[in-house]
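Given next are the chains, with one letter for each unit.
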Amino acid sequence: QVQLVESGGGLVQAGGSLRLSCAASRRLFNIDRMGWYRQAPGKERELVAVVISGSSADYADSVRGRFTISRDNAENVYLQMNSLKPEDTAVYYCYALEGPRTLLPRFLEVWGQGTLVTVSS
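Residues numbered from 1 in each chain as written. Predicted model: local features only at pLDDT ≥ 70, side-chain atom pairs only at ≥ 80, totals over all residues. Heavy atoms only, no water.

## Let's talk about unusual backbone geometry
Worth spelling out the cut-off: The way it works is that DSSP assigns letters per residue, a run of H or I at least four long becomes a helix, a run of E at least two long becomes a strand, and they are numbered from the N terminus. In this scheme, a residue with accessible area under 20% of its type's maximum is buried, one over 50% is exposed, and one in between is partly exposed, where area comes from a 1.4 Å probe on protein chains only.
With phi around 50°, asparagine 30 is a residue other than glycine that occupies positive phi space. Within the secondary structure, asparagine 30 is located in the loop between β3 (18-24) and β4 (31-39). The exposure class assigned to asparagine 30 is partly exposed, which follows from its relative accessible area of 46%. A positive phi is found at serine 83, a non-glycine position, where the angle reads about 50°. Inspection of the secondary structure assignment puts serine 83 in the loop between β8 (77-81) and β9 (90-98).

Here it is, written out as structure tokens:
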């Protein structure tokens, strides 16, 4: 069952902007962190941005200064992408990490199915 749903992907020209959104289809418990990964064809999945609960955000070196991650009180997470480059072309995945709790005493990763971002030259 899908637990995170991404939206906002599409085709843009280099230098343009997109805003990705991620919404949870169920309640998330004891959130340790939420973030965005991406995977380009033939490449490994990589962490793009993450926000740790009670802390600040961090970014991959390749996107720092161009991308901004944010969360709201409804357990949604967003990725504002500015000054896009062709190298940013990838499927972007939202993820959340739930910490241990009484009913589930282990960490649990929650993933979306991904949204495609294509940046043309």
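Back to the write-up after that little detour.
## What to know about the nonpolar core
Put simply, the test is: Joining through side-chain atoms within 4.5 Å is the link that ties buried Ala, Val, Leu, Ile, Met, Phe, Trp, Tyr and Cys residues into a set, and such a set is a nonpolar core. Contacts were defined at the residue level, with two residues in contact if any of their heavy atoms lie within 4.5 Å.
If you look at the biggest cluster of nonpolar residues, it comprises 29 residues, and the most contacted ones within it are Trp36, Val48, Phe67, Ile69, Leu79, Met81 and Tyr92. At the level of elements, β3, β4, β5 (46-52), β7 (67-71), β8, β9 and β11 (115-120) are the ones that each hand at least two residues to this core. Per-element tally for this core: the top contributor is β9, with four residues. Residues within four places of isoleucine 69 in sequence aside, it is in contact with Met34, Gly35, Trp36, Ala49, Val50, Val51, Ala57, Tyr59, Val77, Tyr78 and Leu79.

## Things to note about the pattern of salt bridges
Basically, it comes down to this: Any carboxyl oxygen of Asp or Glu within 4 Å of a side-chain nitrogen of Lys or Arg constitutes a salt bridge here.
Applying the stated criterion across every chain, the model contains seven salt bridges. Among the salt bridges present, the one from glutamate 46 reaches arginine 38, with a minimum N-O distance of 2.8 Å. With relative accessibility at 5%, the residue arginine 38 sits in the buried group. The network of salt bridges with shared partners includes Arg38, Glu46, Arg66 and Asp88.

## A word on the pairing of β11
As a reminder, the rule being used: Two strands make a pair as long as DSSP finds a minimum of two bridges between them.
Because side chains alternate across β11, one face comprises the buried residues Thr115, Val117 and Val119, and the other comprises Leu116, Thr118 and Ser120, none of which is buried. The sheet contact formed by strand β2 (residues 10-13) and β11 spans four bridges and is parallel. Note that in β11 the partner of glycine 10 across the bridge is valine 117.

## Structural notes on the packing of aromatic side chains
Just so we agree on the cut-off: Side-chain rings of Phe, Tyr and Trp (the six-membered ring for Trp) are treated as a pair once their centres are within 6.5 Å; stacked means planes under 30 degrees apart, edge-to-face means over 60, and tilted covers the remaining angles. Sitting over a ring, as applied to charges here, requires NZ of Lys or CZ of Arg to be within 6 Å of the ring centre and within 35 degrees of the ring normal.
This model, assessed by the stated rule, comprises three aromatic pairs. Between the aromatic rings of tyrosine 37 and tryptophan 111, the centroid separation amounts to 5.1 Å while the plane-to-plane angle is 55°, which identifies the pairing as tilted. In this pair, tyrosine 37 sits in strand β4 while tryptophan 111 sits in strand β10 (residues 108-111), placing the two residues 74 residues apart along the sequence. An aromatic cluster of three or more residues is present, and its members are Tyr37, Tyr95 and Trp111. We note arginine 45 situated over the ring of tyrosine 93; from NZ or CZ to the ring centre the distance is 3.9 Å. In this structure, arginine 45 is placed above the aromatic ring of tryptophan 111, and the distance from its NZ or CZ to the ring centre is 4.9 Å.

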